[in-house]
Amino acid sequence: MEGIRGKTVVVTGAGSGIGRASAQRFAAEGANVVVSDIDEQAGHESAATIKDAGGDALFVPVDVADTASVEHMIDVAVETYGSLDFAHNNAGILTDFAETTNITEGQWDRILAINLKGVWTCMKAELPVMTEQGHGAIVNTASEAGLVGMGGLSSYSAGKHGVVGLTKSVALEYASRDVRVNAIAPGPTKTNIQSGLIGGDLRSMSLRQRLGAGVRLLQTVIRTIRAEYDTSAIRDVPMDRIADPEEMAGVVAFLCSPDASYITGHTLPVDGGQSAD
Ligand code: NAD
């Protein structure tokens with residue numbers, strides 16, 4: 001892909017899944033990659049995979065919900081590489097599996113702080129650098145849940161709808177300043193978010209929450225979270241399979257590249273045709 005070699009990119013949530021694949025793809029295209037994650041061990045591992053493959057990577061720890069931490073990440077990127085050409089604001093969590101009335105205020109605040117505010121904190125730090133240098137491209141990770149509702153995942157879906165709206169609005173603000181802002185809306189993808197749900201959050205729901213959610217919700221939950229193993233989830237995907245993280249990474253790189261020079265404010269579903277249904 002043309003136009004990425006020698007550029008600098010920051011990828012959040014790069015310790016795992018889609019973010020790791022994105023960081024590796026940018027590095028393979030010749031970019032200097034700032035690998036950022038709240039999980040330091042995972043982040044270091046991602047950076048090591050890039051260096052082992054001959055690429056350029058620097059791990060910087062970040063909590064995207066914390067403005068000072070994000071500002072530090074961007075400062076380090078610019079001090080180290082001298083510019084910030086691209087950003088993939090991707091870090092996210094998926095914790096609450098409950099009907100809306102069973103979500104606690106703490107759970108609601110946490111998921112919105114990371115999944116929505118975290119995209120805003122990143123763009124707030126990235127945009128001044130990109131504006132100053134006169135160019136830049138940002139890709140935010142939304143979700144299919146940012147395009148349609150999802151029973152049992154209302155807080156996640158609300159945050160991801162927010163990412164879509166934020167992406168459009170910021171794109172309008174910066175369109176005339178040569179900074180493009182787009183998003184991807186992944187469908188089910190083989191990452192820790194999917195497997196983590198199987199092993200963690202569902203089991204941690206109280207009996208009351210599980211009963212409250214009801215059989216229909218549990219069927220939805222199981223279909224969604226066991227996507228890797230449960231063919232019924234795949235049945236919902238017209239392409240009959242769930243995605244590899246690398247299939248997201250290529251689209252992120254494209255949206256940052258000059259090939260996408262006239263695309264801004266767009267949320268691109270990468271979902272095996274799910275959103276066409
Ligand atoms: P993942 O769990 O493999 O990766 C998420 C990464 O984000 C982890 O490395 C985690 O440590 C990091 N992270 C979490 N909180 C953070 C914080 N506060 N600050 C910095 N880093 C933090 O999951 P993934 O599937 O690769 O998720 C990446 C993005 O893709 C998320 O925004 C997720 O909502 C979105 N998404 C995933 C799917 C899917 O099916 N996997 C579908 C749609 C959207």
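Up top you'll find the structure we're talking about.
Anyway, here's the lowdown on the structure attached to this text. (Residues numbered from 1 in each chain as written. Predicted model: local features only at pLDDT ≥ 70, side-chain atom pairs only at ≥ 80, totals over all residues. Heavy atoms only, no water.)

**Notes on the overall build of the protein**
Spelled out, the test is: Strands here mean DSSP runs of E at least two residues long; helices mean DSSP runs of H or I at least four residues long; both are numbered from the N terminus. Think of it in three bands: residues with accessible area under 20% of the maximum for their type are buried, residues over 50% are exposed, and the middle band is partly exposed, with areas taken using a 1.4 Å probe on protein chains only. Every residue pair with non-hydrogen atoms within 4.5 Å of one another is taken to be in contact. Under the convention used here, a 1.4 Å probe and the Shrake-Rupley method define accessible areas, while residue burial counts only the protein chains that appear.
For the protein, the count of helices and strands is 9 helices and 7 strands. When each of the 277 residues of the protein is scored for burial, the buried share is 51%. Here the analysis covers contacts within the protein between residues at least 6 apart in sequence; of these, 70% occur between residues at least 24 apart. For the protein, the computed accessible surface area is about 12,300 Å², with 52% contributed by carbon and sulfur atoms.

**A word on the environment of D37**
Counted only if it meets this: In protein, a polar contact requires one atom able to donate a hydrogen and another able to accept it; more generally it is a pair of N or O atoms within 3.5 Å, and residues adjacent in sequence count only if both atoms are side-chain atoms.
With respect to the helices and strands, the residue D37 is situated in strand β2 (residues 32–37). Here the side chain of D37 touches D39 through a polar contact of 2.8 Å, landing on its backbone nitrogen.

**Here's the deal with the packing of helix α4 (residues 105–133) against helix α5 (residues 154–174)**
Defined as follows: Note on definitions: angles span 0 to 180 degrees between N-to-C directions of axes, and those axes are lines fitted to C-alpha atoms, for helices only across the stretch in contact. Oblique is the label for any angle not under 35 degrees, not over 145, and not in the 65 to 115 range, which are roughly parallel, roughly antiparallel and roughly perpendicular in turn. Crossing handedness is defined as follows: a turn of the near helix away from the far one that is anticlockwise and smaller than a right angle gives a left-handed crossing, while the clockwise case is right-handed. Following the grouping adopted for this structure description, the nonpolar residues are Ala, Val, Leu, Ile, Met, Phe, Trp, Tyr, Cys and Pro, the charged ones are Asp, Glu, Lys and Arg, and the polar ones are all others, Gly among them.
For the pair α4 and α5, the least separation of the axes is 8 Å and the interaxial angle reads 15°. When the axis of α4 is compared with that of α5, the two are roughly parallel. The hand of the α4/α5 crossing is right-handed. Residues W108, I111, L112, N115, L116, V119, W120, M123, L127 and T131 of α4 lie in contact with α5, whose contacting residues are S154, S155, Y156, A158, G159, K160, G162, V163, L166, V170 and Y174. By residue class, the composition of the contact of α4 with α5 is 14 nonpolar, 6 polar and 1 charged.

**Things to note about the sheet that holds strand β6 (residues 179–186)**
Working definition: the strands of a sheet are paired by backbone hydrogen bonds and lie parallel or antiparallel to each other. Threshold: A pair of strands counts as paired when DSSP detects no fewer than two bridges linking them.
As summarised here, the arrangement of the 7 strands in space is β3-β2-β1-β4-β5-β6-β7, forming an open sheet in which the pairing is parallel. Both edges of this open sheet fall to β3 (56–61) and β7 (267–270), since each of them pairs with a single strand only. Averaged over all neighbouring strand pairs, the angle between strand axes comes to 20°, with direction disregarded. Bridge count for strand β4 (residues 86–89) against strand β5 (residues 136–141) is 4 bridges, and the pairing is parallel. Each bridged residue has a counterpart across the sheet, and for A87 the counterpart in β5 is I138. Set on the sheet, helix α1 (residues 17–28) makes contact with β1 (8–12), β2, β4 and β6; between it and β1 the angle comes to about 170°. Sitting on the sheet, α5 is in contact with β5, β6 and β7, with an inclination near 160° to β6.

**What about the pattern of salt bridges?**
Put simply, the rule is: Here a salt bridge means any side-chain nitrogen of Lys or Arg lying within 4 Å of a carboxyl oxygen belonging to Asp or Glu.
Taken as a whole and assessed by the stated rule, the structure comprises 4 salt bridges. Note that R241 and E247 form a salt bridge whose closest N and O atoms lie 2.7 Å from each other. When its relative accessible area of 36% is taken as the criterion, R241 is described as partly exposed.

**Quick notes on the nonpolar core**
For clarity, the cut-off: Nonpolar core, defined: a set of buried Ala, Val, Leu, Ile, Met, Phe, Trp, Tyr and Cys residues in which side-chain atoms within 4.5 Å join the residues together.
If you look at the biggest cluster of nonpolar residues, it comprises 41 residues, and the most contacted ones within it are M73 and M123. Of all the elements in the fold, those that place two or more residues in this core are α3 (67–81), α4, α5 and β6. The element contributing the most residues to this core is α4, with 10 residues. Once residues lying within four places of it in the same chain are set aside, the contact partners of M123 are N89, P128, I138, N140, L166, V170 and V181. Of all hydrophobic cores here, the second largest spans 28 residues; its members include V11, I18, A23 and I50.

**A closer look at the side chain of T12**
Examined against the element boundaries, T12 turns out to sit in strand β1. Accessibility expressed as a relative area gives 1% for T12, which makes it buried. A distance of 2.8 Å separates a polar atom in the side chain of T12 from the backbone nitrogen of N90.

**Points about unusual backbone geometry**
Phi at D178 takes a positive value of approximately 65°, unusual for a residue other than glycine. Positive phi is not limited to glycine here, since D240 has a value of about 65°. Structurally, D240 is set in the loop between α8 (231–235) and α9 (245–256). By relative accessible area, D240 is classed as exposed at 55%.

**Comments concerning the packing of α3 against α4**
One can describe the packing of α3 onto α4 by two numbers: an axis separation of 9 Å at closest approach and a directional angle of 35°. By crossing handedness, the relation of α3 to α4 is classed as right-handed. Note on element contacts: α4 touches α3 through T121, C122, A125, E126 and V129, opposite T67, V70, E71, M73, I74 and V78. In the contact of α3 with α4, the residues fall into 7 nonpolar, 2 polar and 2 charged.

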